[in-house]
Structures are given as structure tokens and as C-alpha cells.
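Chains, contacts and geometry: an overview
Each chain is listed here by its residues.
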Amino acid sequence: MDRDEAPARIVASELDAFGVATTVVVADISDNAAVTSGTAKVEAALGPIDILINNAGWDSLRPFLDNDEAHRDLIIDINLKGMINVTHAVLTRMVSRRHGRIVTISSDAGRVGSSGQAVYSACKAGTIALTKSIAREVARHGITLNVVAPGPTRTNMMAEALEGDDAAAKHILERMTKAVPMRRMGEPEDVAGIAVFLASDEASFITGQVISVSGGLTMHG
Ligand SMILES: NC(=O)c1ccc[n+]([C@@H]2O[C@H](COP(=O)([O-])OP(=O)(O)OC[C@H]3O[C@@H](n4cnc5c(N)ncnc54)[C@H](O)[C@@H]3O)[C@@H](O)[C@H]2O)c1
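Residues numbered from 1 in each chain as written. Predicted model: local features only at pLDDT ≥ 70, side-chain atom pairs only at ≥ 80, totals over all residues. Heavy atoms only, no water.

Before going further, it helps to spend a moment on the pairing of strand β1 (residues 51-54). Here β1 shows one buried face, formed by Leu52 and Asn54, and one open face, formed by Ile51 and Ile53. Across 4 bridges, β1 lies against strand β2 (residues 100-105) in parallel orientation. Residue pairing for β2: leucine 52 is matched across the bridge by isoleucine 102. (Buried < 20%, exposed > 50% of the residue type's maximum accessible area, 1.4 Å probe, protein only. Helix = DSSP H or I, 4+ residues; strand = E, 2+ residues; numbered from the N terminus. Pairing = 2+ DSSP bridges.)

Even without being glycine, arginine 98 reaches a positive phi, approximately 55 degrees. Summarising the element assignment, arginine 98 is placed in the loop between α3 (69-97) and β2. The phi dihedral of arginine 183 falls on the positive side, at around 55 degrees, and the residue is not glycine. Along the chain, the position of arginine 183 falls in the loop between α7 (167-178) and α8 (188-198). A relative accessible area of 58% means that arginine 183 is categorised as exposed.

The subject of this paragraph is the site of the ligand. Close to the ligand lie 24 residues; Asp2, Asn55, Tyr120, Thr153 and Thr155 are nearest. The separation between an oxygen atom of the ligand and a polar side-chain atom of threonine 155 is 2.5 Å. For the ligand, whose accessible area on its own is 820 Å², the fraction buried by protein is 90%. Viewed by domain, the shell around the ligand spans two of them, domain 1 (1-47) and domain 2 (50-213), each represented by three or more residues. (Near = heavy atom within 4 Å. Polar contact = N/O pair within 3.5 Å; in protein donor to acceptor, adjacent residues only side chain to side chain. Areas by Shrake-Rupley, 256 points an atom, 1.4 Å probe, with all protein chains shown as cover. Domains from an automatic or database assignment.)

Right, dumping it as C-alpha cells:
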């Protein structure tokens, strides 16, 4: 499920290559009605949803004072409300089946803050608190919820800062990357592996945890 068809089709075609059945649903996760009908379409096509990866997210790197109300609301709708909508939509049926894995892609920004990403960081912190709280509520039903917290990662979300002509965004991204002890941005593959593990049976006794994938950017005791 994605608000744009193109990225969803790319994921589907990669999965097709492994013989995995897929269906593409276009929905804006900040729209609860669209999420409800979208998850129903997925289940009608593929059967019950056992694994949810809350991956959709968005931000643009800019100082807090440069965000007007519409921009602030948009960031909250996508990064926090969206995660709540989708998790709520799938959880009832996971509880009734007594099985489910929910992995949310948050951000190290939600653990320690990030200059140029204030509202986004607050949302990502919210996804961590939601994960821990819901994990406590549903653990006895055999459902786990965990968080992967990437640092700056080379994806489309960073394309404007990497390739565009916004000098302020470039500066923010350079500072972020310099703060990474391994001195590089993450790659999508760095993040994918841990999400797969957390969704697997091997991780069945792990819940409410946050795992950073950020080259040592944050180290929590
Ligand atoms: N790239 C980074 O540096 C970085 C760092 C930390 C966390 N993250 C998180 O990783 C996750 C994946 O992002 P990415 O970096 O791969 O960026 P991306 O832009 O490549 O992927 C995000 C996807 O979310 C989809 N999306 C955005 N808003 C949506 C909405 N309202 N409804 C449905 N789909 C929507 C986009 O269409 C896109 O396909 C996000 O949650 C992001 O916050 C990224």
C-alpha cells in the first residue's frame, strides 16, 4: 500500500521475482477510510495480514521556524496519524487470529532529536511510544511490535537534499552524516535485513524494542 502506484509496483515486481503473491493498493495512510478499504482489499486478494511493515513516511529538511501550519500538519498526518491508522486497521484481526508481527520504521531522530527535523522527530518518537504501548497490550495474544530506527539513509526521501539545489537541506544532511561514527549514510539494504528478522519466527520473543540502524549514531544502554 502506497499513496503512489509507482513505488508500490517496484516492490511488487521485486517480490514477483521470488514467486511471492502481491497486490498493489493505492491509499493515503493519513486517510483512515482509505486505509480501512485498502487493508480490506489486501486481505481479499491475499488472505489475512500476518505481517505489517509501517514504512511510509516523509519529511523535508528545514528549520522548525520555516514550517508553516499546513506543512507541520502534513508531517504529522503522514508520519504519526498514518502509522496509527494502519496499525489500528490490521490489529483487530491479528488479535482474533492470535498472531501478528508489526515492524515500524521510525528514525533515530525520534530517539535523540534532529536539527532540521523537529516535527518529524516528534512523530517518530510518537511511533516508538505507540509501539511500546500497543506491544504491552497485545503481547499475550502472540503479537509483537518492534521499531527499526534508521539514521540518514540514501533513499528517495533524501533525494532533494542529495541531488536538489536546496543549500540549507544539503547542509543539514552533511551535518547529520558527519555525526555518524561510521561516516556514511545508510543504504536501504542496511535497514531491510533487520525488518525481515523482526517479522520472522526467530524474533517471536522480542517485542517493544527499538533497534537503531545508523552506523553508531545513537548508542543506548
Ligand atoms: N531516508 C532516511 O534518511 C530515513 C531515516 C530515518 C527513517 N526513515 C524512514 O524510513 C521510512 C521509509 O522512507 P524512505 O527513506 O525509504 O523514503 P521513500 O520516500 O523512498 O519511501 C517512503 C514511501 O512512503 C510513501 N508515502 C509517503 N507518504 C504516504 C502516505 N501519506 N500514504 C501512503 N504512502 C506514503 C511514499 O510514496 C514512498 O513510497 C519512512 O518511514 C522514513 O521516515 C528514513
